[in-house]
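Below, each chain spelled out in residue letters.
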Amino acid sequence: MSIGIALSPVVLGAAANAVDAAVSLGREAEAVGLASLWLGQTFSHDAIAVAGIVGREVPGLEVGTSVVPIIGRHPLLVASQAQTAQAAARGRFTLGIGLGAAAIATPAFGVADERPITRLREFITALRSVIGTGGAELRGETITAVTPMPGAVAGARTDTAILVAAMGPQALRVTGELADGTLPFLIGPAALAEHVIAPLHAAAERAGRPRPRVAIAVPGVVTADLEAARAAAAAQTAFYDTIPSYRRTIELSGARSAAELVVFGDEETVAARIAEYFDAGATDVIFTQTDLTTPADRRRTWRLLGELNRSRIKAA
């Protein structure tokens, strides 16, 4: 069980150089004792590329994407990117993908979000084939992925982990059958155990696959300024209240809005919440939105998370 952090695209976008900033923050994360660093994909930096660079520059730190939406992307190209990042990171890169928010991706790419579950199944199948064997020959219902020449990247592992931001029943079934785990976000511990982990494990068991990884992304920050944190949380998470898949997990968690699932307070409050997620069955906790308030609070949060991660390593 490990603890990591996710970097906000906003933070990297505000830097003089996004890649330099990611490397610097990766070094800080490793120095305080964190296990992993994850990057989200928007329309700015390429998350897979930056993760690979950070992994190469910061030995010992796991790097990954949380997450790369598959709308508007082709599995052969994503497989090439992922293998390149894996080679750069010397085996410490994890690929996180997701269906994405159709409200954003469809108008941006001009493609309809049709049959998303079938597309997810075919996308993972093609990814797994290229990463594992260096080639693919998939002529599916939503995707054609055929390699006319070898697609392997020298130095990349053939068992690169694929995690899916899956929380709905159908996506969880596909994830359990084909992927290595899930990257859920905005769901409470009890709902995570019942509505994500249980069906995910069942799907993996039916498919004869190992028990999947559950890397839960948790928004939060250690701070004394609760009002500022509450206001920032409401502003930063309001978008998720409009997305049906998140609306469902928010309600299953007994919350009225995404902001209610953001954890903030002193070290004891945050540590207790992390323990609840591990008790629910999470294998990893990834803290997001640690920049909700001030740079000092962000550093304070990372120090706590690093201490908790080192304690878990010693106890293992």
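On a predicted model such as this, the values are computed, not experimentally measured, just so you know.

Draft legend 1. Highlighting helix H3 (residues 47-57). Residues Ala47, Ile48, Val50, Ala51, Gly52, Val54 and Gly55 constitute the buried set of H3. Against helix H2 (18-32), strand S2 (36-39), strand S3 (62-65), strand S4 (68-69), helix H4 (75-88) and strand S5 (93-98) lie the buried residues of H3. The N-cap of H3, judged by a side-chain oxygen 3.2 Å from the amide nitrogen of Ile48 a few residues on, is Asp46.

Draft legend 2. Inspection of the pairing of S2 at higher detail. Taking every second residue as pointing to the same face, both faces of S2 are buried, with Ser36 and Trp38 on one and Leu37 and Leu39 on the other. Alignment of strand S1 (residues 2-7) against S2, held across four bridges, turns out to be parallel. Following the sheet pairing, Ala6 is matched in S2 by Trp38. Looking at chain direction, S2 and S3 are connected through four bridges and run parallel. By the bridge assignment for S3, Leu39 is matched with Thr65. Viewed along the sheet, the connection from S2 through H3 into S3 turns out right-handed.

Draft legend 3. Quick look at a nonpolar patch on the surface. Together, Phe43, Ile104, Phe109, Val111 and Phe239 give the surface a local cluster of nonpolar side chains, amounting to about 440 Å² of exposed area. Within the element layout of this structure, Phe43 appears in the loop between S2 and H3. Using a relative accessible area of 58% as the deciding quantity, one classes Phe43 as exposed.

Draft legend 4. Molecular detail of the pairing of S5. The buried fraction of S5 is high, at six of six residues. Both faces of S5 are covered, namely the face carrying Phe93, Leu95 and Ile97 and the face carrying Thr94, Gly96 and Gly98. Pairing geometry for S3 and S5, over two bridges, is parallel. Note that in S5 the partner of Val63 across the bridge is Phe93. The pairing of S4 with S5 spans two bridges and is classified as parallel. In the strand pairing of S5, Pro69 is matched with Gly98. At this point the chain moves from S4, through H4, to the parallel S5, and the crossover so formed is right-handed. Alignment of S5 against strand S8 (residues 162-164), held across three bridges, turns out to be parallel. Across the sheet, the residue bridging to Leu95 is Ile162, located in S8.

Each value, and the rule that gives it
Residues numbered from 1 in each chain as written. Predicted model: local features only at pLDDT ≥ 70, side-chain atom pairs only at ≥ 80, totals over all residues. Heavy atoms only, no water. Buried < 20%, exposed > 50% of the residue type's maximum accessible area, 1.4 Å probe, protein only. Helix = DSSP H or I, 4+ residues; strand = E, 2+ residues; numbered from the N terminus. Contact = heavy atoms within 4.5 Å. Polar contact = N/O pair within 3.5 Å; in protein donor to acceptor, adjacent residues only side chain to side chain. Pairing = 2+ DSSP bridges. Right-handed = clockwise from strand over helix to strand, strands pointing away. Patch = residues over 30% accessible without salt bridge, like charges linked within 9 Å, V, L, I, M, F, W, Y side chains within 5 Å. Areas by Shrake-Rupley, 256 points an atom, 1.4 Å probe, with all protein chains shown as cover. Salt bridge = Lys/Arg side-chain N within 4 Å of Asp/Glu carboxyl O.

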